[in-house]
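Structure assessment
This is what each chain is made of:
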Amino acid sequence: MNITLEQAETLLAKAKAKAIEIGIPMNVAILDTAGHLKGFIRMDDAFLGSIDIAMKKAKTSMLFRMNSEEVGKFLRPEVAAYGMESSSDGLMGFAGGIPIKKEDQIIGYVGVSGGPIDQDFIVASAAAAID
(Lines give C-alpha, C1' and ligand atoms only; values in the text may rest on other atoms or scores of the structure.)
Protein backbone atom coordinates (compact mmCIF):
# COMPACT_ATOMS: atom_id res chain seq x y z
CA MET A 1 0.00 0.00 0.00
CA ASN A 2 1.31 3.45 -0.94
CA ILE A 3 0.35 6.84 0.42
CA THR A 4 -2.38 8.53 -1.60
CA LEU A 5 -2.33 12.12 -2.75
CA GLU A 6 -5.17 12.91 -0.38
CA GLN A 7 -3.25 11.42 2.56
CA ALA A 8 -0.09 13.30 1.57
CA GLU A 9 -1.97 16.59 1.35
CA THR A 10 -3.54 16.00 4.77
CA LEU A 11 -0.15 15.25 6.32
CA LEU A 12 1.45 18.29 4.70
CA ALA A 13 -1.33 20.42 6.21
CA LYS A 14 -0.63 18.88 9.64
CA ALA A 15 3.07 19.63 9.28
CA LYS A 16 2.38 23.20 8.23
CA ALA A 17 0.00 23.73 11.16
CA LYS A 18 2.57 22.38 13.64
CA ALA A 19 5.35 24.50 12.12
CA ILE A 20 3.16 27.60 12.42
CA GLU A 21 2.31 26.66 16.01
CA ILE A 22 5.99 26.49 16.98
CA GLY A 23 6.91 29.49 14.84
CA ILE A 24 9.47 27.86 12.51
CA PRO A 25 9.06 27.90 8.70
CA MET A 26 9.81 24.42 7.39
CA ASN A 27 10.41 22.41 4.26
CA VAL A 28 8.42 19.17 4.28
CA ALA A 29 8.82 16.30 1.81
CA ILE A 30 6.64 13.22 1.56
CA LEU A 31 7.84 10.19 -0.39
CA ASP A 32 5.98 7.05 -1.40
CA THR A 33 7.34 3.64 -0.42
CA ALA A 34 9.59 3.55 -3.50
CA GLY A 35 11.18 6.87 -2.55
CA HIS A 36 9.42 8.99 -5.16
CA LEU A 37 8.18 12.46 -4.24
CA LYS A 38 4.46 12.49 -3.43
CA GLY A 39 4.18 15.96 -1.90
CA PHE A 40 6.28 18.90 -0.83
CA ILE A 41 5.82 22.29 0.82
CA ARG A 42 8.30 25.08 1.32
CA MET A 43 6.86 27.55 3.78
CA ASP A 44 7.58 31.24 3.32
CA ASP A 45 10.99 32.15 4.74
CA ALA A 46 12.06 28.49 5.13
CA PHE A 47 15.78 28.08 4.50
CA LEU A 48 16.55 27.13 0.90
CA GLY A 49 19.35 24.84 2.09
CA SER A 50 16.79 22.87 4.06
CA ILE A 51 14.98 21.71 0.92
CA ASP A 52 17.66 19.13 0.16
CA ILE A 53 17.98 18.19 3.83
CA ALA A 54 14.23 17.48 4.13
CA MET A 55 14.33 15.34 0.99
CA LYS A 56 17.38 13.41 2.21
CA LYS A 57 15.90 12.84 5.67
CA ALA A 58 12.84 11.26 4.03
CA LYS A 59 15.04 9.25 1.67
CA THR A 60 17.27 8.06 4.53
CA SER A 61 14.17 6.90 6.39
CA MET A 62 12.93 5.13 3.25
CA LEU A 63 16.22 3.37 2.51
CA PHE A 64 16.42 1.87 5.99
CA ARG A 65 12.70 1.81 6.96
CA MET A 66 13.40 3.61 10.23
CA ASN A 67 13.69 7.10 11.65
CA SER A 68 16.63 9.01 10.20
CA GLU A 69 18.18 9.55 13.65
CA GLU A 70 18.30 5.77 14.12
CA VAL A 71 20.31 5.52 10.90
CA GLY A 72 22.55 8.21 12.35
CA LYS A 73 23.75 5.78 15.01
CA PHE A 74 25.57 3.89 12.23
CA LEU A 75 27.13 7.05 10.79
CA ARG A 76 29.28 7.94 13.79
CA PRO A 77 33.05 7.86 13.30
CA GLU A 78 33.52 5.17 15.94
CA VAL A 79 31.14 2.74 14.19
CA ALA A 80 32.46 0.30 11.61
CA ALA A 81 30.06 1.69 8.97
CA TYR A 82 31.64 5.14 9.12
CA GLY A 83 31.54 6.74 5.67
CA MET A 84 28.13 5.26 4.90
CA GLU A 85 26.67 8.79 4.89
CA SER A 86 28.21 9.28 1.46
CA SER A 87 26.27 6.36 -0.01
CA SER A 88 22.94 6.64 -1.82
CA ASP A 89 23.63 10.24 -2.88
CA GLY A 90 23.99 11.26 0.76
CA LEU A 91 22.27 10.22 3.97
CA MET A 92 21.00 12.45 6.78
CA GLY A 93 21.49 10.80 10.15
CA PHE A 94 19.66 13.21 12.41
CA ALA A 95 16.01 13.57 13.43
CA GLY A 96 13.31 14.68 11.03
CA GLY A 97 12.87 11.65 8.74
CA ILE A 98 10.11 9.24 9.77
CA PRO A 99 8.20 6.34 8.19
CA ILE A 100 4.48 7.03 7.75
CA LYS A 101 2.48 4.03 8.93
CA LYS A 102 -1.15 3.05 8.57
CA GLU A 103 -2.30 -0.03 10.47
CA ASP A 104 1.36 -0.93 11.18
CA GLN A 105 2.23 -0.90 7.47
CA ILE A 106 4.62 1.70 6.04
CA ILE A 107 2.85 3.69 3.31
CA GLY A 108 5.36 6.51 2.87
CA TYR A 109 8.04 8.65 4.46
CA VAL A 110 8.28 12.24 5.64
CA GLY A 111 11.33 14.46 5.91
CA VAL A 112 11.34 17.86 7.62
CA SER A 113 14.01 20.55 7.86
CA GLY A 114 14.10 24.20 8.75
CA GLY A 115 14.60 24.49 12.47
CA PRO A 116 16.61 22.96 15.25
CA ILE A 117 16.65 19.16 15.05
CA ASP A 118 14.20 18.70 17.93
CA GLN A 119 11.69 20.99 16.21
CA ASP A 120 12.17 19.19 12.89
CA PHE A 121 11.29 15.96 14.72
CA ILE A 122 8.16 17.51 16.26
CA VAL A 123 6.89 18.64 12.86
CA ALA A 124 7.81 15.33 11.21
CA SER A 125 5.96 13.44 13.95
CA ALA A 126 2.86 15.54 13.32
CA ALA A 127 3.16 14.83 9.61
CA ALA A 128 3.56 11.08 10.14
CA ALA A 129 0.31 10.76 12.11
CA ILE A 130 -2.29 9.13 9.84
CA ASP A 131 -5.79 9.21 11.29
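1. Comments concerning the pairing of strand β3 (residues 97–102)
The sheet contact formed by β3 and strand β4 (residues 105–113) spans 6 bridges and is antiparallel. Each bridged residue has a counterpart across the sheet, and for Gly97 the counterpart in β4 is Gly111. The hairpin formed by β3 and β4 contains 2 residues between the paired strands, and Glu103 there has a positive phi angle of roughly 55 degrees.

2. Looking at helix α1 (residues 5–22)
Its 18 residues place the ends of α1 26 Å apart at the C-alpha level, agreeing with the 26 Å of an ideal helix rising 1.5 Å per residue. Within α1, the full set of buried residues consists of Gln7, Ala8, Leu11, Leu12, Ala15 and Ala19. Projected down its long axis, α1 carries its buried residues within an arc of 135 degrees, all on one side. Residues of α1 that are exposed and point over 90 degrees away from its buried face: Glu6, Ile20 and Glu21. The elements touched by buried residues of α1 are β1 (27–31), β2 (37–42), β3, β4 and α4 (117–127). Note on α1: the residue one or two positions beyond its end, Gly23, has a positive phi of about 80 degrees.

3. A word on the pairing of β2
Where β1 meets β2, 5 bridges bridge the pair, whose relative direction is antiparallel. What sits directly across from Val28, in β2, is Ile41. Connecting the antiparallel pair β1 and β2 is a turn made up of 5 residues, with Gly35 showing a positive phi of about 90 degrees.

4. Considering the confidence of the model for the protein
When the pLDDT values of the protein are averaged, the result is 90; 89% of them are 70 or greater. β1 holds the highest mean pLDDT among the elements of the protein, 98, whereas helix α3 (residues 68–72) holds the lowest, 86.

5. A short note on the nonpolar core
Counting residues in hydrophobic clusters, the biggest one holds 21 residues, and the most contacted among them are Ile3, Met26, Val28, Ile30, Ile100, Val110 and Val112. Counting only elements with at least two residues in this core, the list comes to α1, β1, β3, β4 and α4. When residues in this core are grouped by element, the largest group, 5 residues, is from α1. Discounting residues that sit within four places of it in the chain, Ile30 has contacts with Ile3, Ala8, Leu11, Leu12, His36, Leu37, Lys38, Gly39, Ile100, Tyr109 and Val110. Formed by 5 residues, the second largest nonpolar core is a distinct cluster that contains Leu31, Ala58, Met62 and Ile106.

6. A look at unusual backbone geometry
A positive phi angle is found at Asp45, which is not glycine, with a value near 70 degrees. Residue placement: Asp45 occurs in the loop between β2 and α2 (49–64). On the accessibility criterion, Asp45 (71% relative accessible area) is exposed. For Arg65, which is not a glycine, the phi torsion comes out positive at approximately 50 degrees. Within the fold, Arg65 resides in the loop between α2 and α3. According to the relative accessible area criterion, Arg65 is exposed, its value standing at 61%.

About the thresholds
- Residues numbered from 1 in each chain as written.
- Predicted model: local features only at pLDDT ≥ 70, side-chain atom pairs only at ≥ 80, totals over all residues.
- Heavy atoms only, no water.
- Pairing = 2+ DSSP bridges.
- Helix = DSSP H or I, 4+ residues; strand = E, 2+ residues; numbered from the N terminus.
- Expected span 1.5 Å × (residues − 1).
- Buried < 20%, exposed > 50% of the residue type's maximum accessible area, 1.4 Å probe, protein only.
- Arc of directions from axis to C-beta.
- Contact = heavy atoms within 4.5 Å.
- pLDDT = per-residue confidence, 0-100.
- Core = buried A, V, L, I, M, F, W, Y, C linked by side-chain atoms within 4.5 Å.

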